[in-house]
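# Structural overview
Residues per chain, in single letters:
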Amino acid sequence: MSDSSPARPTAPVLDVWCELQCPDCHTALDDLRALRDRYGDRLHLRLRHFPLEKHKHAFAAAQAAEEALEQGRGWLYVEAVLGRVEELARKGEPFLVEVARELGLDAEEFDTALIDGRHILIVDADQAEGKAIGVTGTPTYVIGGERLVGGRSQEGLRERVEEIADRLLAEQEHGQEQG
């Protein structure tokens, strides 16, 4: 079946290479909320997993985030876990299921997903892609082909993301006017 409607431009993508046990990613949460509030659906924020070996529960947390996405509450879950990184460090995988329960998600399915590893390939693929493009720590942002690293300092990062997003959106609008 063909769709004869004109193609709608897709929103620019901001890939957020993150891990859910990372204190720096916790700090970046306010910037991500501000970006989401400013741009709404004009900018697509996409969580990319980059669990760091130094954080014992990061890989499981990435899998749990994928299960939350599958259950339709991905960002809500990510924000809830990132908001409590110290608790994740102390409690581990039971905490991930606990957060799912608190958010009204199917906690039993979370537990099963962590046991059967159904989301491992997604997490592995994200991590491999991150390594291939030079991600070494979190958070790292990629927008408009530019990689911005926030692992040591987040100062000025949101402003730089906004500059690039504004440029991409302006280019998109200009392209529509030309077409």
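Every value quoted in this text rests on a predicted model; they were computed, and no experiment measured them.

### Focus: the confidence of the model for the protein chain
When pLDDT is averaged across the protein chain, the result is 90; 92% of the residues are at 70 or more. Here residues 1–8 is modelled with pLDDT under 50, and outside its nearest four sequence neighbours on either side it reaches zero contacts, counting other chains as well.

### Points about the pairing of strand 3 (residues 140–143)
Here strand 3 shows two buried faces, one formed by T140 and V142 and the other by Y141 and I143. Both strand 1 (residues 13–18) and strand 3 contribute to a ladder of four bridges, which runs antiparallel. Within strand 3, the residue paired with V16 across the bridge is Y141. Across four bridges, the pairing between strand 3 and strand 4 (residues 146–149) is antiparallel. Among the inter-strand pairings, I143 is bridged to a residue of strand 4, identified as E146. Hairpin connection of strand 3 to strand 4: two residues between the antiparallel strands, including G144 at a positive phi of 60°.

### Focus on the packing of helix 3 (residues 74–82) against helix 5 (residues 93–102)
It is the contact of helix 3 with helix 5, at a shortest axis distance of 10 Å, that shows an interaxial angle of 130°. Classified by the interaxial angle, the pair formed by helix 3 and helix 5 is oblique. Both helix 3 and helix 5 take part in a crossing whose hand is right-handed. Facing helix 3, whose interface residues are Y77, A80 and V81, helix 5 presents F95, L96, V99 and A100. Grouping the constituent residues of the contact of helix 3 with helix 5 by class yields seven nonpolar, no polar and no charged.

### A look at the layout of surface pockets
A volume near 180 Å³ is recorded for the largest pocket. Every residue lining the largest pocket is counted, 13 residues in all, and those nearest its centre are R46, L47, E66, L69 and W75. Counting only elements with at least two residues in the lining of the largest pocket, the list comes to strand 2 (44–49), helix 2 (58–70), helix 3 and helix 7 (120–132). Broken down by element, the residue count for the lining of the largest pocket peaks at five residues, all from strand 2.

### Structural notes on the environment of A128
For A128, the position within the fold is in helix 7. Remark: the alpha-carbon pair of A128 and H49, spanning 79 residues in sequence, is separated by 9.6 Å.

### Some words on the nonpolar core
The nonpolar side chains of a soluble globular protein tend to be buried with one another. Judged by nonpolar contacts, the single largest core of 45 residues is most densely connected at L14, Y77, L96, Y141 and I143. Sequence-distant contacts of I143, defined by excluding residues within four places in its chain, comprise V13, L14, L43, L148, V161, I164, A165 and L168. In this structure, W17, L52, V135 and V142 belong to the second largest nonpolar core, which totals five residues.

### As for the sheet that holds strand 4
Strands sit in the order 2-1-3-4 across an open sheet of four strands; the sheet is mixed. This sheet does not close on itself; its edge strands, each paired only once, are strand 2 and strand 4. Across this sheet, the average inter-strand angle for adjacent strands is 20°, counted without regard to direction.

### A closer look at the pattern of salt bridges
Within the structure shown, the criterion is met by 23 salt bridges. The salt bridge partner of E108 is R101, with a shortest N-O separation of 3.6 Å. Linking E146 and R160 is a salt bridge whose minimum nitrogen-to-oxygen distance equals 2.8 Å. You can see E146 sitting in strand 4 and its partner R160 sitting in helix 8 (residues 157–178), a full 14 residues away along the chain. The class of E146 is partly exposed, set by a relative accessible area of 27%. Here the salt bridges share partners, and the residues they tie into one network are D15, R46, R48, D126 and E129.

Definitions and limits used
- Residues numbered from 1 in each chain as written.
- Predicted model: local features only at pLDDT ≥ 70, side-chain atom pairs only at ≥ 80, totals over all residues.
- Heavy atoms only, no water.
- pLDDT = per-residue confidence, 0-100.
- Contact = heavy atoms within 4.5 Å.
- Buried < 20%, exposed > 50% of the residue type's maximum accessible area, 1.4 Å probe, protein only.
- Helix = DSSP H or I, 4+ residues; strand = E, 2+ residues; numbered from the N terminus.
- Pairing = 2+ DSSP bridges.
- Axes fitted to C-alpha atoms, helices over the stretch in contact; angles between N-to-C directions.
- Parallel < 35°, antiparallel > 145°, perpendicular 65-115°, else oblique.
- Left-handed = near helix turned anticlockwise from the far one by under 90°.
- Nonpolar A, V, L, I, M, F, W, Y, C, P; charged D, E, K, R; others polar.
- 1 Å grid on protein atoms, 1.4 Å probe; cavity = no way out; pocket = protein on both sides within 12 Å on 5 of 7 lines; lining within 4 Å.
- Points joined across faces, edges and corners; volume = space filled by probe spheres on them.
- Core = buried A, V, L, I, M, F, W, Y, C linked by side-chain atoms within 4.5 Å.
- Salt bridge = Lys/Arg side-chain N within 4 Å of Asp/Glu carboxyl O.

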